[in-house]
Each structure stands twice: as C-alpha cells, then as structure tokens.
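An overview of the molecular structure
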Amino acid sequence: MNIRKTGDLPVVIKADNGVDDSLTRRDILRNGGYLMMGSALAGCGNAADTEVASGTTVQEHQATEDLYEQGSVPIANSGWTQTLGVAPDYPALEQDLTADVVVVGAGLAGSSLALHLTELGLSTVVLEMHQPGWGASGRNAGHVLPLLRDMSVFESFPDQGRAFFELFREHHGIPFEIAQRYNIDCDATQSGYLNAMTSQSAFEKFHAASTQPADKLGQNLESVDAPAMLAMTGSNYYSHGVLYPTGGRINPYLFTAGMSAAARAQGARIFGDTEVTSLSQNGDDWRVRVQNGSTVRCKRVVFCTNAYATDVVPELRQSCYPMTAYALSSGPLPHELRDQIMPSRATLAQVPFDLNPFLIDGHDRIITASMPSRSKPWDADWHFQQHLAWIHRTWPVTREFPIKLQAYWTGKVAMRQQEFPGMYELRPGIYGLMHFNAWGNVMAPLMGRALATAIARDRLDQLPFPIERPQAVSNPGKQEFLIRSLMIPAARIAQRLGIL
C-alpha cells in the first residue's frame, strides 16, 4: 500500500416512537460511578481558562474548538497517521453504477464487510463521505480486547448466543488474522491485554466477573501476581493482574486503510469524498444517490457510519449515545525508558476505573486516551499533563527523562444501552452495522465478516446475532454529560489524591 507522508500538524490552541429512556452504560461504567461525588471539588480542573493563541482570531479559535468538540479534526492530526502517513485518496463517484451491495462508510466495519463480500464474489461498491479510516476507526485507542463481559445480553438471542460464541471462539483474533493474510503493515501485535489492580479485593472481584465470559468466549485468563506484574509492567504500583494473552494492539487507521486496499484489490469499487444524499426504491432494487447526482443501483445497502451517521437514515443517528473522546501519542520514548515502561509491551488497562488506557506501539510511542474536558477539548497540553502525572507516579524513573507530546486528536464514539453492537434492519434491503461501544477493533471486522457470509448465502436469518429495529434513545447527550462533566473530572481528582 502506497502511503504519503503528512505535513506538520495544525497549530493547537493552547491554554416508530419506541423511546428508550433508561440510562446505565453499565450503571455508568459500573465500577466507577462512585467517583461522581468528587466532581464538585475545585471545578475539577475544567475551569474555563481559555487562552487564544497570539495571531488567532476569536472566530478561528471557536472553529478549532468546534472541530475538537465534534471529533472532526483532520485525520492527519491522528497519531496513527504519524508513522506511515495518510493513505492516498480514493476518487469521488462520478458515474452511475450497479452492484450487489452498497456499503456506506469505510471504517473498520465497512472495510471488513467490503473485503469479505468481495472475497465471496459479490459486486460491492463502498461510498465514504471522507476517506477510509477517517472516522473513529482512525482515531481510537488501538486496543485489541478479545472479550465481552456482559453475558446478560445473550439472553435475548434466539439461541442464547451459542452461534456467536462459536464464531467468537474461532475468530476473536480476526484483526491479527486479516493483517497477516493481507500483509497489512499496521503494528498488529498479539502482546496480551493486561488488567491491573492495586488490591486483592479488586483482583478477586474482577476475576470472578470475568471467568464466565472468558469461558464462553474461548479465552484463557491468566492471574498475574506481584512479581510477575513488576516484570510485565516495570512498575511495582500494581500488585495484581488478569491477562488475556490473545489481546494486544493495532494501528486502527492503517488496519482500516489496509482492509480497504485489500478489498479494492479483490474487486471492490471504493469511492471517497462521496456523500450519500438519498435512497429510493425501484422495484426490488435500491438507488443510492450521492451529492453530485450519481447513483448506484443495488439489492442491499449497509450503513456502517457508527457515530458519524447521516440524516439519510435518521433512525440510526437517533439510536445511540454519541460521545467525544480523545487520544494522544508521545514521541518515541528515550532509549533509557524503552525497557523500563511496560517491557512486556502488553496493552494495559486499570481496574476498577481505566482513566489511562495505555500501550506502547512498535515505534516506542505511548498511546493513551480518555474523554476531553468540556471547557477546553482542544487543549492538547492540558490533557497530556493529566496522563503524564499518572505516568510519573506509576514509573517514577520517567521523571528523569523528557517524554514529549507528538499528536492529540478527538473522535466520536457511539454507545448503546446494551454491551453489544447493533445490527439493524430499517426496511427490506436497508441495514445498519454500527454502535460498537469500546470493542470496535475486534467486533467490527468480526461482525462485518459474519454479515458478508450471511448476505452471500442470502440467509440473514442465520446470522449469529439478532437483527433489530433501531430504537430512539431519549436525551442522547445525557451519558456524555455524566461521564465527561462528572465521572472523568472526579476520577482525575481521585488519581491526584492517590485513590486510583
């Protein structure tokens, strides 16, 4: 795959009517809800201390702030594009076409679906409003977590989840499988996924809750004691751990771009900068119209737009809780630190509250993520300093060496009430595959593969997960408010006080 290098980063300014009215997000991320009580302290570090950079107008500052708040900063801002650059653009659709399937959106789900459809011999057209990997697929934290923890969701499956468990057991390593099969250079590394705790009680609670899901999904859990935690992490801060050996990390932008390139090599026709504007039915076929008037005639349309849904199918936009998240990358670590911070190179999550999801990639860069301050989502340095304080505490040796910020970016994620992505049918032939919560790097390519197989066989009734009607949620901004305005600030205070 040919890649072009990006230029310098832009300057970052310093300083139907079934309505679901419930609200949990696993009871507000279940294990961290108690932290909300601390959010009243000292403004929680979110004081509106906006500073407009010299030479920047108020209007320019507001425009920049809006891009960060909306998760729409240029994909070149993403740290995942800093290693091999941004992939070449695909051309816009400028003619009428016919296909078996139109895939709208070329993220992890859409690219996987297109790749597997073409492998199975179906004529496939992909229409992407921007370019492949532009959305959350090129902006997420890069974790490969081969597990779902909430088994209650499978009680509603017709077979109580047996077919899905079988699929997951066989293909839970699908990001690594695809990267290897198509020689995608995307740092796909099965280095393990390590959950770290500071107490025996936290370990016992987490291990007990994880054992049944791991067994059903074919995962081996490894308990990690204090000496082994020190060897794996290079820190004595965490005394207990639970390791998923089949987890790891991936560069999600390069993975998505690589799947798109592989799909095109298999015969998929992929178009970028192509916005779908309308759908119309013509007999048994659908016509998909784009912004310049060109159309694609097809039998089926699958929307894979996740949190960046279009108004063409408003039901999909209204059926999730959109949230803005950020990630950041450091420059390559000083040589003195490379064997001292996470020498195992496992991906690290903290329990019970993962405020600093953490990995070191193949370029020796730290990648971490969270949700941004509501008052200054654009402030890269402020967010970096929050993580740097945790890094200094966890690995005191890092205080002696410079760790520099390389890139900071935001994106939109789509959360559901239940801990399972949505496979939707809006009308016969019109579908949606989206809302992956925090499991997109595994679940999106996995479910894309399964959907492609069902479409090729013309047996969607044999999908290993149910097809639903999208259900509107009430007040879709409330989860983001609770988490960004209350939980995250409270957790940052708890971290500073040594509680986390």
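Residues numbered from 1 in each chain as written. Predicted model: local features only at pLDDT ≥ 70, side-chain atom pairs only at ≥ 80, totals over all residues. Heavy atoms only, no water.

So, on to the sheet that holds strand β2 (residues 97–98). Whether parallel or antiparallel, the strands of a sheet pair through hydrogen bonds between backbone atoms. With mixed pairing, 4 strands are arranged side by side in an open sheet as β2-β13-β12-β11. Strands at the two margins of the open sheet, each flanked by one partner only, are β2 and β11 (276–282). Bridge count between β2 and strand β13 (residues 295–298): 2 bridges; the pairing is parallel. Residue pairing in the sheet places Leu 97 in a bridge with Val 296 of β13. (Pairing = 2+ DSSP bridges. Helix = DSSP H or I, 4+ residues; strand = E, 2+ residues; numbered from the N terminus.)

This brings us to helix α8 (residues 252–266). Its 15 residues give α8 an end-to-end C-alpha distance of 21 Å, which sits within 8% of 21 Å, the value for a rise of 1.5 Å per residue. When you tally the buried positions in α8, you get 12 out of 15 residues, the bulk of the element. Within α8, the full set of buried residues consists of Pro 252, Tyr 253, Leu 254, Phe 255, Thr 256, Ala 257, Gly 258, Met 259, Ser 260, Ala 261, Ala 262 and Ala 263. In the core, the buried residues of α8 are packed alongside α3 (108–119), α5 (174–181), β10 (269–271) and α11 (440–457). (Expected span 1.5 Å × (residues − 1). Buried < 20%, exposed > 50% of the residue type's maximum accessible area, 1.4 Å probe, protein only. Contact = heavy atoms within 4.5 Å.)

Moving on, we come to the environment of Asp 150. With respect to the secondary-structure elements, Asp 150 resides in the loop between β5 (143–144) and α4 (162–171). Taking the C-alpha atoms as reference points, Asp 150 and Ser 210, 60 residues apart in sequence, are found 9.1 Å from one another.

Once that is clear, we can look at the pairing of strand β4 (residues 124–127). Burial along β4 is two-sided: Thr 124 and Val 126 facing one way and Val 125 and Leu 127 facing the other are all buried. Both strand β3 (residues 101–104) and β4 contribute to a ladder of 4 bridges, which runs parallel. When the sheet's bridge partners are listed, Val 104 is paired in β4 with Leu 127. Looking at chain direction, β4 and β10 are connected through 3 bridges and run parallel. Note that in β10 the partner of Val 126 across the bridge is Ile 270.

A word on the nonpolar core. Residues Phe 164, Phe 358, Phe 420 and Met 443 are the most contacted members of the largest nonpolar core, which totals 116 residues. Considering each element in turn, this core owes the most residues, 10 residues, to α11. In contact with Phe 420, not counting residues within four places along its chain, are Leu 148, Val 153, Phe 154, Phe 157, Phe 164, His 435, Asn 437, Met 443, Met 447 and Phe 465. Ranked by size, the runner-up nonpolar core spans 23 residues in total, among them Val 104, Leu 316, Tyr 424 and Met 434. (Core = buried A, V, L, I, M, F, W, Y, C linked by side-chain atoms within 4.5 Å.)

The subject of this paragraph is the environment of Val 125. Position of Val 125 among the secondary structure elements: in strand β4. The spacing of Val 125 and Val 102 is 23 residues in sequence and 4.9 Å in space, taken between C-alpha atoms. Here Val 125 is in contact with Leu 97, Ala 99, Val 101, Val 102, Val 103, Arg 269, Phe 271 and Val 296, once residues within four sequence places are set aside.

The next thing to look at is the pattern of salt bridges. Under the criterion given, the structure shown has 14 salt bridges. Linking Arg 345 and Asp 364 is a salt bridge whose minimum nitrogen-to-oxygen distance equals 3.3 Å. Taken together, the residues Arg 345 in the loop between β15 (321–330) and β16 (347–350) and Asp 364 in the loop between β17 (358–360) and β18 (366–370) connect sequence positions 19 residues apart. You'll find Arg 345 and Asp 364 in the same group, each marked buried. (Salt bridge = Lys/Arg side-chain N within 4 Å of Asp/Glu carboxyl O.)

Glancing now at the packing of aromatic side chains. Taken as a whole and judged by the stated rule, the model has 15 aromatic pairs. Between Phe 164 and Phe 168, the ring centres sit 5.8 Å apart and the planes meet at 45°, which makes this aromatic pair tilted. Pair noted here: Phe 164 and Phe 168 are both in helix α4, with a separation of 4 residues, about one helical turn. You can call Phe 164 buried: its relative accessible area is 0%. In textbook terms, an aromatic cluster arises when at least three aromatic residues are bridged by ring pairs, as seen for Phe 154, Phe 157, Phe 164, Phe 165, Phe 168, Phe 420 and Phe 465. Taking NZ or CZ as reference, Arg 139 lies 4.5 Å from the ring centre of Trp 134, over its face. Between the NZ or CZ atom of Arg 393 and the centre of the ring of Tyr 237, over which it lies, the distance is 3.9 Å. (Phe/Tyr/Trp six-rings, centres within 6.5 Å; stacked < 30°, edge-to-face > 60°. Lys NZ or Arg CZ within 6 Å of the ring centre and 35° of its normal.)

Here Tyr 253 shows up in helix α8. Other than its neighbours up to four places away in sequence, Tyr 253 contacts Ile 75, Trp 80, Thr 81, Gly 85, Val 86, Ala 87, Pro 132, Gly 133, Ser 137 and Gly 138.

With an omega of 15°, the peptide bond running from Val 351 to Pro 352 counts as cis. Summarising the element assignment, Pro 352 is placed in the loop between β16 and β17. Its identity as a non-glycine residue notwithstanding, Asp 187 has a phi of 55°, on the positive side. Assignment of secondary structure puts Asp 187 in the loop between α5 and β6 (193–197).

Turning our attention to helix α7 (residues 226–233). Looking only at α7, the buried set comprises Met 229, Met 232 and Thr 233. The arc enclosing the buried residues of α7, seen along the axis, measures out at 80°, which places them on a common side. Along α7, the residues that are exposed and aim more than 90 degrees away from the buried face are Pro 227 and Ala 231. Those residues of α7 hidden inside the fold are in contact with β6, β7 (222–224) and β8 (240–244). For α7, the side-chain oxygen to backbone nitrogen distance between the N-cap and Ala 228 is 3.1 Å, and the N-cap itself is Asp 225. Remark: Gly 234 follows α7 within two positions and exhibits a positive phi of approximately 80°. (Arc of directions from axis to C-beta. Polar contact = N/O pair within 3.5 Å; in protein donor to acceptor, adjacent residues only side chain to side chain.)

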